[in-house]
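Here's the letter readout for the chains.
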Amino acid sequence: MQTAEIQRRFLKYFENNGHTVVPSAPLPAMDDPNLLFIPAGMVQFVPYFLGQATPPYRRATSIQKCIRTPDIDEVGKTSRHGTFFQMNGNFSFGDYFKEQAIKHAWALSTNSVADGGFGLDGEKIWATVYHDDDEAYEIWNKVIGLPAERIVHRGMADNYWSMGIPGPCGPCSELYYDRGPAYGPDGGPEVDEDRYLEYWNLVFMQYERGEGKGKDDFDILGELPKKNIDTGMGMERMAALLQGVDNMYEIDQVRPLIDKTTELTGKRYGVSTSQTASQSHPDDVRFRVVADHLRSSLMLISDGIVPSNEGRGYVLRRLMRRAIRSVRLLGYDKAALPDLLPVARDCMQDAYPEVAADFERISTYAYAEEDAFLRTLRTGTTILDTAVSETKRSGGAVLSGTKAFELHDTYGFPIDLTLEMAEEQGLKVDETGFRRLMTEQRQRAKADAQSRKTGHVDLSVYHQVRDTNGLSTFTGYTEDRRESDVL
Ligand code: ATP
Ligand code: MG
Ligand code: MG
Ligand code: MG
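Computed from a predicted model, the values in this text were never measured in an experiment.

A. Looking closely at the overall build of the protein chain. On a plain count of helices and strands, the protein chain comes out with 17 helices and 11 strands. Here the protein chain, with 487 residues, has 40% of them falling under the buried criterion.

Right, here's the structure in full:
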């Protein structure tokens, strides 16, 4: 089943069940200073959950464009993490709660394709519940009839959902699909999350989260005014299951990018025979990184982000640079985006016509970024390689902070690029030393700016020259000396 059909069916099912279809919010999280990008479908509904605004509907459904930068290092190495993905969700604002949410997810997952469902084999579905959520357990077991061996209790890190920042939160229940022994050992999601693929999370949004650290260490401030439902089904994960492919990078919306990259580089994709992404050959990972990151870049520029050195623009720059480097590591050192970006557009334009309508602007930014980065790479890589071999020759395992700073300051190498490239050659980088030099540079710049403002410029160095050499006469206007004479 193609992604377009999965999306259509999802919305249709929930529309038929009284949900209003709500469009995706744009990727940049403009209303929330704590978030750079939307990581989940519920973000645009936060004021409804908190009771700060009254929703114009009791039930909603959406397909939300998401970016999760914390997942960047997983891309291509697991079968299921993209930096960009689409979360299909259904939401209840003080309307139905646990039982109905579980029934909907089960029905849509297992209803036959002829009946508008996804036709998954119910015998292969596992569910998780929060460790003390007896109510959810009973619904799975008694109402749905899921045997006890396929219901797993898990703790806060996996089964208590929040945005990672203050806001609505609650225990959750997730659906996993057993892809069989070719993908890993049996024993359920606790044993292997590659074989048992998490594809849908049902959050029982009932509490308000306060400050705290990350996913599993925070205060609960109290109950929300109403009991709500927030669910997220990973569209790419469902597509991987329904298209019979091993991972989300091989679905119809992504795979053509991998194919085009094989054409350009002449390298083969699928070097690893293992179906488990975690045991992949580095080239296979690179192909997936190219496909994933370029798709994300297309969607980000389409939503108004442009490459820059800070904030959202820097995330985009980093994604583009990782993709471009991966193409080079696959052996192609010319500009690749003019060949690859149109393929990403063709994959996404059915669902997002704006990427085609705006492609001229999007590609202008993207191609300029690639050209600039290729220039940076050409000069900086030689410097880095020399520094790496010198370090190794002298028996060191750590590239100096001074070198990393020079690469940053003179050649425009961001520190994470130096880290990544040094690591590929088996070296660590003295990050503390690098940061110290950065701080010193910032302080110097600040002092300079301050003295310009106050007019108190430090002239002592000129005084020293005068004291040693005496006063000189300026002859610049009367004597004609060409640059070549001076040199
Ligand atoms: P995982 O444990 O696999 O990292 P998660 O528990 O972090 O996933 P949730 O926060 O529960 O994910 O998000 C809801 C759903 O969105 C997931 O069940 C999954 O289908 C999908 N999803 C989450 N992160 C990604 C991602 N990086 N790429 C693709 N789909 C994702
Ligand atoms: Mg995750
Ligand atoms: Mg999970
Ligand atoms: Mg989850």
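B. Main features of helix α10 (residues 337-348). Its 12 residues give α10 an end-to-end C-alpha distance of 16 Å, which sits within 8% of 16 Å, the value for a rise of 1.5 Å per residue. Three or more residues of α10 are buried, namely Leu-337, Leu-340, Leu-341, Val-343, Ala-344, Cys-347 and Met-348. The buried residues of α10 occupy an angular sector of 155° when the element is viewed end-on, so they sit on one face. Looking at the packing, one finds that the buried side of α10 touches α7 (255-265), α8 (282-302), α11 (354-357) and α12 (359-393).

C. Just the nonpolar core, in detail. In this structure, Leu-257, Leu-294, Leu-298 and Ala-344 are the most contacted members of the largest nonpolar core, which totals 101 residues. Broken down by element, this core gets its largest block of residues, 9 residues, from α8. Looking at this core, you find at least three residues from each of domain 1 (3-243) and domain 2 (254-394). Contact partners of Leu-298, with chain neighbours within four places excluded, come to Leu-341, Ala-344, Arg-345, Met-348, Val-355 and Ile-362. In terms of nonpolar packing, the next biggest core, distinct from the first, is built from 12 residues, Leu-399, Phe-405, Leu-407 and Phe-413 among them.

D. Representation of the site of ligand 1 in the model. Contacts to ligand 1 come from 16 residues, most closely from Gly-82, Phe-85, Asn-201, Gly-232 and Gly-234. Tallying contributions element by element places strand β8 (residues 196-213) first for the shell around ligand 1, with 4 residues.

E. Quick look at the environment of Asn-309. With respect to the helices and strands, Asn-309 occurs in the loop between α8 and α9 (311-329). The exposure class assigned to Asn-309 is exposed, which follows from the 9 C-beta atoms found within 10 Å. With 105 residues separating them along the chain, Asn-309 and Pro-414 place their C-alpha atoms 9.1 Å apart.

F. Seen up close, the environment of Gln-450. Residue position: Gln-450 is located in helix α15 (residues 431-454). Separated by 300 residues in the primary sequence, Gln-450 and Arg-150 place their C-alpha atoms 66 Å from one another.

G. Quick peek at the packing of helix α3 (residues 98-110) against helix α4 (residues 134-144). For the pair α3 and α4, interaxial distance at closest approach is 10 Å and the crossing angle is 50°. Relative to α4, the element α3 is oriented oblique. Here the hand of the crossing between α3 and α4 comes out right-handed. Along its contact with α3, which presents Lys-98, Glu-99, Ile-102 and Trp-106, the element α4 presents Glu-135, Ala-136, Ile-139, Trp-140, Val-143 and Ile-144. Taken together, the residues of the contact of α3 with α4 break down into 7 nonpolar, no polar and 3 charged.

H. How the structure looks around helix α1 (residues 3-16). In this model, α1 (14 residues) spans 20 Å end to end at C-alpha, consistent with the 20 Å of a helix rising 1.5 Å per residue. Residues Thr-3, Ile-6, Phe-10, Tyr-13 and Phe-14 constitute the buried set of α1. The arc that holds the buried residues of α1, viewed along the axis, is 95°, so those residues lie on one side. Those residues of α1 hidden inside the fold are in contact with β2 (59-67), β3 (84-92), α3, β9 (217-234) and α6 (235-243). Among the residues trailing α1, Gly-18 stands out with phi positive, at a value near 80°.

I. Examining the pairing of β3 more closely. Taking burial as the measure, the 9 residues of β3 include 9 buried ones, the bulk of the element. A two-sided burial pattern is seen for β3, the buried positions comprising Phe-84, Gln-86, Asn-88, Asn-90 and Ser-92 on one face and Phe-85, Met-87, Gly-89 and Phe-91 on the other. Two elements, β2 and β3, share 9 bridges in a ladder whose sense is antiparallel. Counted as the bridge partner of Ile-63 is Asn-88 from β3. Note: β3 against β9, 4 bridges, orientation antiparallel. Bridge pairing in β9 places Asn-88 opposite Met-233.

What counts, and at which threshold
- Residues numbered from 1 in each chain as written.
- Chains lettered and ligands numbered in written order.
- Predicted model: local features only at pLDDT ≥ 70, side-chain atom pairs only at ≥ 80, totals over all residues.
- Helix = DSSP H or I, 4+ residues; strand = E, 2+ residues; numbered from the N terminus.
- Buried ≥ 20, exposed ≤ 12 C-beta atoms within 10 Å, placed from the backbone.
- Expected span 1.5 Å × (residues − 1).
- Arc of directions from axis to C-beta.
- Contact = placed C-beta atoms within 7 Å.
- Core = buried A, V, L, I, M, F, W, Y, C linked by C-beta atoms within 7 Å.
- Domains from an automatic or database assignment.
- Near = placed C-beta within 6 Å.
- Axes fitted to C-alpha atoms, helices over the stretch in contact; angles between N-to-C directions.
- Parallel < 35°, antiparallel > 145°, perpendicular 65-115°, else oblique.
- Left-handed = near helix turned anticlockwise from the far one by under 90°.
- Nonpolar A, V, L, I, M, F, W, Y, C, P; charged D, E, K, R; others polar.
- Pairing = 2+ DSSP bridges.

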